[in-house]
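# Notes for the structure review
Here are the chains, one letter per residue:
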Amino acid sequence: MSLSLTGAGSTDDLYLGTGEGGRFTLVVFYRGLHCPVCRRQLKELDERLAELRAVGVGRVVAVSMESEEQSEQVVARWGLSSLPVAWGLTEQQAREWGLFISTAIKEGEPSVFSEPGMFILDSDGTVYWSNVASMPFGRPPLDDIIAGIVYANDHDYPARGSA
């Protein structure tokens, strides 16, 4: 996944899934500017990046199917100061990640967008943990994710399951 970041650069510059800066990478797919649940989630991530780094998450990125302009509005309106925000995910890429795809049902929604998903990549780029949703609600709390990472590190817990 090579996408542009708001401001400058690309996801390539983040070295996603390489273990750089910590064992894990957290990739958070969000619905878009129209979603108040996404706003809360991304704001919390932005505010808690240091906690994530302290438990071994070296890279975090938020990703959407929105345009550069919409993503810049996300950063500005939601007050994101440190969280990298990538834009321009295609529907095909979203489907390759196993994300659900929705079409607009009310004014203000994009005609097509991905539903939320979270992926933790291990240092070799493989999926260590994932969670996808077909609706905007039901996202795992960040405290639970942090606790899981701490447990995994403390107990040398391997990735489980296969698709």
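It should be emphasised that the depicted structure is a prediction, and the values quoted were computed from it without experimental measurement.

Let us now look at the nonpolar core. Counting residues in hydrophobic clusters, the biggest one holds 28 residues, and the most contacted among them are L26, Y30, L42, L52, V57, W78 and L83. Sorting the residues of this core by element identifies β2 (24–29), α1 (36–47), α2 (49–54), β3 (57–63), α3 (68–78), β7 (117–121) and α5 (142–154) as the ones contributing at least two each. Top element by residues in this core is α5. It accounts for 5 residues. Contacts of Y30, omitting those with residues within four sequence positions, involve C38, L42, A62, V63, S64, E66, S71, V74, W78, V85 and S114.

Another aspect to go through is the layout of surface pockets. Where empty space is left becomes clear once a probe the size of a water molecule has been rolled over the atoms. For the largest pocket, the calculated volume is near 190 Å³. Along the wall of the largest pocket there are 13 residues; nearest its centre are I120, Y128, W129, G148 and I149. Of all elements in the fold, only β8 (127–132) and α5 reach the threshold of two or more residues within the lining of the largest pocket. Per-element accounting of the lining of the largest pocket gives the leading share, 6 residues, to α5. When its residues are assigned to classes, the lining of the largest pocket shows 10 nonpolar, 1 polar and 2 charged. In this model, the second largest pocket occupies a volume close to 160 Å³. Together, V37, R40, Q41, E44, L45, M118, R139, P140, P141, L142 and I145 line the second largest pocket. Elements represented by at least two residues in the lining of the second largest pocket include exactly α1 and α5.

Reading guide: rules and limits
- Residues numbered from 1 in each chain as written.
- Predicted model: local features only at pLDDT ≥ 70, side-chain atom pairs only at ≥ 80, totals over all residues.
- Heavy atoms only, no water.
- Core = buried A, V, L, I, M, F, W, Y, C linked by side-chain atoms within 4.5 Å.
- Buried < 20%, exposed > 50% of the residue type's maximum accessible area, 1.4 Å probe, protein only.
- Helix = DSSP H or I, 4+ residues; strand = E, 2+ residues; numbered from the N terminus.
- Contact = heavy atoms within 4.5 Å.
- 1 Å grid on protein atoms, 1.4 Å probe; cavity = no way out; pocket = protein on both sides within 12 Å on 5 of 7 lines; lining within 4 Å.
- Points joined across faces, edges and corners; volume = space filled by probe spheres on them.
- Nonpolar A, V, L, I, M, F, W, Y, C, P; charged D, E, K, R; others polar.

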